[in-house]
Amino acid sequence: MSVFTPLERPELEAFLAPYGLGRLKDFQGIAEGSENSNFFVSLEQGEYVLTLVERGPSHDLPYFIELLDVLHEAGLPVPYALRTESGEALRELAEKPALLQPRLPGKHVREPNAHHCAEVGALLAHLHLATRDHVLERKSDRGLDWMLTEGPSLALQLDEQALPLMRNALKEIAETKARFLALPRANLHADLFRDNVLFDGTHLAGVIDFYNACSGPMLYDLAICLNDWCSDEEGRLDVHLARALLGAYAALRPFTAAEAELWPTALRIACVRFWLSRLIAANTFAGQDVLIHDPGVFEIRLAQRQQVAVALPFAL
Ligand SMILES: Nc1ncnc2c1ncn2[C@@H]1O[C@H](COP(=O)(O)OP(=O)(O)O)[C@@H](O)[C@H]1O
Ligand SMILES: N[C@@H](CCOP(=O)(O)O)C(=O)O
């Protein structure tokens, strides 16, 4: 999986005609991905990706379109929504909200090296710098309030070892929430995992899947990103990779003292967020042909983040 809504050629041809991009040569469902139905679409004028939005509040789609326009105009390699000849970006196909975007080149990197991590750090800094002066406000639907609401009941399904880990982390979130939310803000990708970045050789060629994008503390975005790009099999931070990512980011946007202080907390909050969402996905999609990520990965990472050996590079 995951193509939830299969398409027939005639309905796709009718959908594509108003873009004026030429004849449909070929199309193919994309197996990767877990939220939406995605298709590679080959037209006479180029290569594109069609997304049928399967879940989530569709009233947020104009927000994502606007944010991606801002990032595209700032020169970031993102899949902005193409317009039809009459200027429509958000359309409908097979009764689902539908968007056509340029296909970005490159592949996902499974085993990143320090160069990849430095590129990702720089990209994230550029994303924050492009938005921090005019933040497009959107409260994350998987933010701190969500964690504090959903966490206690989801924790009840955990074993004896995991339960205190989750409870202590939720307590820390409640205690630090006000200070955390007061950190410097921008727009966040909020899901910058390896499977949302494309590398063309050594060049970072694309950042995709902005459906978790929101406004919030920039440090949180960095913590989400680092937990995925710089963790080893045992969930420990790889110091070499983490320094490469943080150093490249800090060269473009230096950290504040408050960010340096809350860095270990940010890493733990970022673990809780994906531990909880993966527990929900595992409960919701059990037995279905849907890609489910292992929640236990974030239990292990959270256990390792009780001590954080990699400080933020912060000049006093
Ligand atoms: N604009 C794009 N250019 C190239 N590949 C893309 C693009 N958008 C999506 N893909 C491919 O489709 C896959 C699934 O996309 P993603 O947005 O992660 O789906 P989901 O929202 O279902 O998680 C990606 O892993 C990537 O390989
Ligand atoms: N990258 C995430 C999946 C996206 O999060 P979701 O809350 O939108 O499901 C992961 O690997 O868990």
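Residues numbered from 1 in each chain as written. Chains lettered and ligands numbered in written order. Predicted model: local features only at pLDDT ≥ 70, side-chain atom pairs only at ≥ 80, totals over all residues.

The name recorded for the protein chain in an unreviewed UniProt entry is Homoserine kinase, from Metapseudomonas boanensis. Checking UniProt for the protein chain, the heading Catalytic activity (unreviewed entry) contains the comment "L-homoserine + ATP = O-phospho-L-homoserine + ADP + H(+)". (UniProt positions renumbered as here; feature names shortened; annotations may be inferred.)

**Regarding helix α5 (residues 162-181)**
Within an α-helix, residues lying three or four positions from one another point in the same direction, as the helix has 3.6 residues per turn. The end-to-end C-alpha separation of α5 is 26 Å, in line with the 28 Å expected for 20 residues at 1.5 Å each. By the largest-angle criterion, glutamate 175 marks the main kink of α5, which is about 50°. Listed as buried for α5 are Leu165, Met166, Ala169, Leu170, Ile173 and Phe180. For α5, the elements touching its buried residues are α4 (144-155), β9 (214-217), α8 (257-285) and α9 (296-304). (Helix = DSSP H or I, 4+ residues; strand = E, 2+ residues; numbered from the N terminus. Expected span 1.5 Å × (residues − 1). Bend = angle between axes of the 7 residues up to and from the residue. Buried ≥ 20, exposed ≤ 12 C-beta atoms within 10 Å, placed from the backbone. Contact = placed C-beta atoms within 7 Å.)

**Focus: the site of ligand 2**
As a matter of local geometry, ligand 2 sits amid Arg142, Asp191, Phe193, Asn212, Phe274, Ser277, Arg278, Ala281 and His293. Residue classes in the shell around ligand 2 are distributed as 3 nonpolar, 3 polar and 3 charged. (Near = placed C-beta within 6 Å. Nonpolar A, V, L, I, M, F, W, Y, C, P; charged D, E, K, R; others polar.)

**Re the site of ligand 1**
Around ligand 1, 19 residues are found, and the nearest of them are Glu32, Gly33, Glu35, Pro79 and Asp209. Counting contributing residues, the shell around ligand 1 receives three or more from each of domain 1 (9-102) and domain 2 (114-304). (Domains from an automatic or database assignment.)

**Remarks on unusual backbone geometry**
Across the chain, the bulk of peptide bonds are trans and the bulk of non-glycine residues have phi less than zero. Positive phi outside glycine occurs at alanine 94, with the angle close to 50°. As for its position among the elements, alanine 94 is in the loop between β4 (91-93) and β5 (96-102). Despite not being glycine, glutamate 95 has its phi angle at roughly 65°, a positive value. Relative to the assigned elements, glutamate 95 resides in the loop between β4 and β5. The class of glutamate 95 is exposed, set by 8 C-beta atoms lying within 10 Å.

**Brief notes about the environment of methionine 218**
For methionine 218, the location among the structural elements is in helix α6 (residues 218-229). Sequence-wise, methionine 218 and alanine 114 are 104 residues apart; in three dimensions their C-alpha atoms are separated by 21 Å. Among all residues touching methionine 218, those that are not within four sequence positions of it are His128, Pro184, Arg185 and Ala186.

**Overview of α8**
Given a rise of 1.5 Å per residue, 29 residues ought to cover 42 Å, and the 42 Å separating the end C-alpha atoms of α8 matches this to within 8%. Along α8, the sharpest change in direction is near 55° and occurs at tryptophan 263; proline proline 264 comes one to four residues later. Remark: glycine 287 follows α8 within two positions and exhibits a positive phi of approximately 80°.

**With respect to the nonpolar core**
Among the nonpolar cores identified, the biggest contains 80 residues, and Val120, Leu124, Ala223, Leu226, Leu245, Ala266 and Val272 are the most heavily contacted of them. Ranked by residues supplied to this core, first place goes to α8 with 12 residues. In terms of domain composition, this core takes at least three residues from each of domain 1 (9-102) and domain 2 (114-304). Sequence-distant contacts of leucine 226, that is, excluding residues within four places in its chain, are made with Ala242, Leu245 and Leu267. (Core = buried A, V, L, I, M, F, W, Y, C linked by C-beta atoms within 7 Å.)

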